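Okay, here's what each chain looks like letter by letter:
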Amino acid sequence: MTRDGTTIRGEGGPPSDLSLVAVHRDGAKTLRVVEGTELVVGRAYPADMVIADPSLSRTHARVHVSRLELRVEDLGSTNGTWLDGRRVAQARVRAGEPVRLGDVTLVLQSTVAAVPGIDGYDRFAAWLEQEIVRAKTFGRPLALLSVGARQQVKGTSTMGAQVNAWSRITALLRPVDRTGLYSSAEILVGLPETPRPAAEGLAARIQAENPAMRVNLTVFPEDGVTLEELLANARDGRRGGAAPIPARIVESEEMRRVRSEVTRVAASVLPILILGETGVGKELLAREVHEKSPRKAGPFFAFNCASVPPTLVESVLFGHERGAFTGADKTTRGVFELAHGGTLFLDEVGELGLPTQAALLRVLETKRFTKVGSEREIEVDVRIVAATHRDLESMVGSGQFRQDLLFRLETVAVRVPPLRARTSEIAGLAHLFLEEANATNGRSILGFTEEAGAALQRHGWPGNVRELKNAVFRAAVIASGDRIELVDLPERVRKSSPAPAEEPISNSMPPPGADASPGGDPNLAYKERVRVEMQRYETALILDALRRHDGNQTAAAAALKIPVRTLAHKMKELGIKKGF
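What you see is a predicted model; the values in this text were computed from it and never measured.

Thresholds, definitions, all that
- Residues numbered from 1 in each chain as written.
- Predicted model: local features only at pLDDT ≥ 70, side-chain atom pairs only at ≥ 80, totals over all residues.
- Heavy atoms only, no water.
- Pairing = 2+ DSSP bridges.
- Helix = DSSP H or I, 4+ residues; strand = E, 2+ residues; numbered from the N terminus.
- Expected span 1.5 Å × (residues − 1).
- Buried < 20%, exposed > 50% of the residue type's maximum accessible area, 1.4 Å probe, protein only.
- Contact = heavy atoms within 4.5 Å.
- Axes fitted to C-alpha atoms, helices over the stretch in contact; angles between N-to-C directions.
- Parallel < 35°, antiparallel > 145°, perpendicular 65-115°, else oblique.
- Left-handed = near helix turned anticlockwise from the far one by under 90°.
- Nonpolar A, V, L, I, M, F, W, Y, C, P; charged D, E, K, R; others polar.
- Arc of directions from axis to C-beta.

### Re the sheet that holds strand 6 (residues 69-74)
Taken in spatial order, the 5 strands of this open sheet run 4-3-5-6-9, and their pairing is mixed. Among the strands making up the open sheet, the edge pair consists of strand 4 (49-50) and strand 9 (90-94). Of the pairings in the sheet, the one linking strand 5 (residues 61-65) to strand 6 comprises 5 bridges and is antiparallel in character. From the neighbouring strand, Ala-61 faces strand 6, where its bridge partner is Asp-74.

### Examining helix 12 (residues 426-441)
When the terminal C-alpha atoms of helix 12 are compared, their 22 Å separation across 16 residues agrees well with the 22 Å that a helix rising 1.5 Å per residue should span. Turning to helix 12, its buried residues number three or more, namely Ile-426, Leu-429, Ala-430, Leu-432, Phe-433, Leu-434, Ala-437, Asn-438 and Asn-441. Buried residues belonging to helix 12 abut helix 4 (227-236), strand 26 (447-448), helix 13 (450-458), helix 14 (464-478) and strand 27 (483-484). Where helix 12 terminates, the next one or two residues include Gly-442, which has phi positive at roughly 65 degrees.

### Let's talk about the packing of helix 4 against helix 14
At a minimum axis distance of 9 Å, the contact between helix 4 and helix 14 shows a crossing angle of 50 degrees. Regarding the angle of helix 4 to helix 14, the classification is oblique. Like other packed secondary-structure pairs, helix 4 and helix 14 cross with a definite hand, here left-handed. Two secondary-structure elements touch here, helix 4 through Glu-228, Glu-229, Leu-231, Ala-232 and Arg-235 and helix 14 through Arg-466, Glu-467, Asn-470 and Phe-473. Taken together, the residues that form the contact of helix 4 with helix 14 break down as 3 nonpolar, 1 polar and 5 charged.

### Observations regarding helix 1 (residues 121-138)
The end-to-end C-alpha distance of helix 1 is 26 Å, a good match for the 26 Å that 18 residues give at a rise of 1.5 Å each. For helix 1, every residue scored as buried is listed here: Tyr-121, Phe-124, Ala-125, Trp-127, Leu-128, Glu-131, Ile-132 and Ala-135. Mapping the buried residues of helix 1 onto a view down its axis gives an arc of 160 degrees, with all of them on the same face. Away from its buried face by more than 90 degrees, helix 1 exposes Arg-123, Gln-130, Thr-137 and Phe-138. Positive backbone phi, at 65 degrees, marks Gly-139, one or two positions downstream of helix 1.

So this is what it looks like as structure tokens:
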């Protein structure tokens, strides 16, 4: 009996170096077997090797193991047993060669280092999200590898080689590391507590031992601070920065207003503050500001203020002299100096500590800065575009952000609405991402089934455009038909209910003290449900304060103990009209 309840029958004997590996939509399952083992593979009991894949019949096929081959007998399954693209009733398959049962690929490995269980994509993503929270909380490193075939190959002909490669890779990992199946040709490897140099060393070793594979590395927080950023950058092989998003979409009225405002202010030299949730495309707008400005011939530099430890931020921003601190073995220019004559994009500016905020304010006021370890001032001509997903007004109120710096940055403020507030763009973006995924992966997926398209429209997209792109790219890789089906989408998208932010907020919402039992769809994902309920309660609080003060926002803000500007921002965010 295996630890997951799978029962096998065999002839006994010494420990086996044979493993039966089943690669399916939700991961990879490995079963150690001995020569002479006979077992039934299927979706549920009474099968001996149970794999909960909908393409399998309850008892799909009988498998007999010998040292050199598998003998497979189909048991009248619905979706068949397939070898070299042909449906077969019986087959003899050499060790290391794949045979397909429905959509499940079976490979007999004759190696000592067998592939351990590999998580499905959704389980791995949930684990990675938890590790990101831990890394943020405790300031610990975290790395992510994407390891896959250099070219997408249709069918299962290379699966044996893939499984053998996975064996070599997992043999190099620690018990704390985690692997997840992105597709039948690609795995993701999570490396907690692993700084970039160690991760680069492991990536180089994996590449050397598997020259036919491509190995991409991304590291938290330098290359991304959210799940969607890390996943996208690991697969694209990029180190931070925004991936280009196609502009050929039917833009919503909200985004037309945003782009019109960007065009209007681009020609000025005033700082711009771009506000919006993670993944809405703030860096793309910053680049658009640069391209439409008189500085377009100059450099554009993007710096994520959350990507560098607080002790090193000023060194990255302003540069340092040789010997300024331990490890400073040469004089280095900072991003302000590198962006001279152009545009500097400071993403997540709300993550800067107060000392660095003071230094940034001084540069904005004097256009001069001093390198770390130097006394000489350097004059600089840089246009600042800053961005954040945080409520800087609230941070000012709590003493976490300087009000004078906020005044400087928000000379021009542009708010980018989340994707759930502009659902008219979802279909166009999804099809453009599908075109890009087809071109990248050598696929020819035609579109989305009606059910899949409806799920894309329903989902709240907390990760916004970046999350949509990641979902479509993976669906295009794993789709087995000519259209993306509901089952090809991530679990959180499949199970979503209509996004509550799209429902008009009315005066009928109960005031505080009324029935506060959770509403909405009980099947909503936990984090999304908490967000919805918090938004519902926050709206009720604001409406109650406004009612009690006859719509006077100044009095309502005082009662709520928040700045008037924060109240106005919250009202706009929650859809509460001034004449409520």
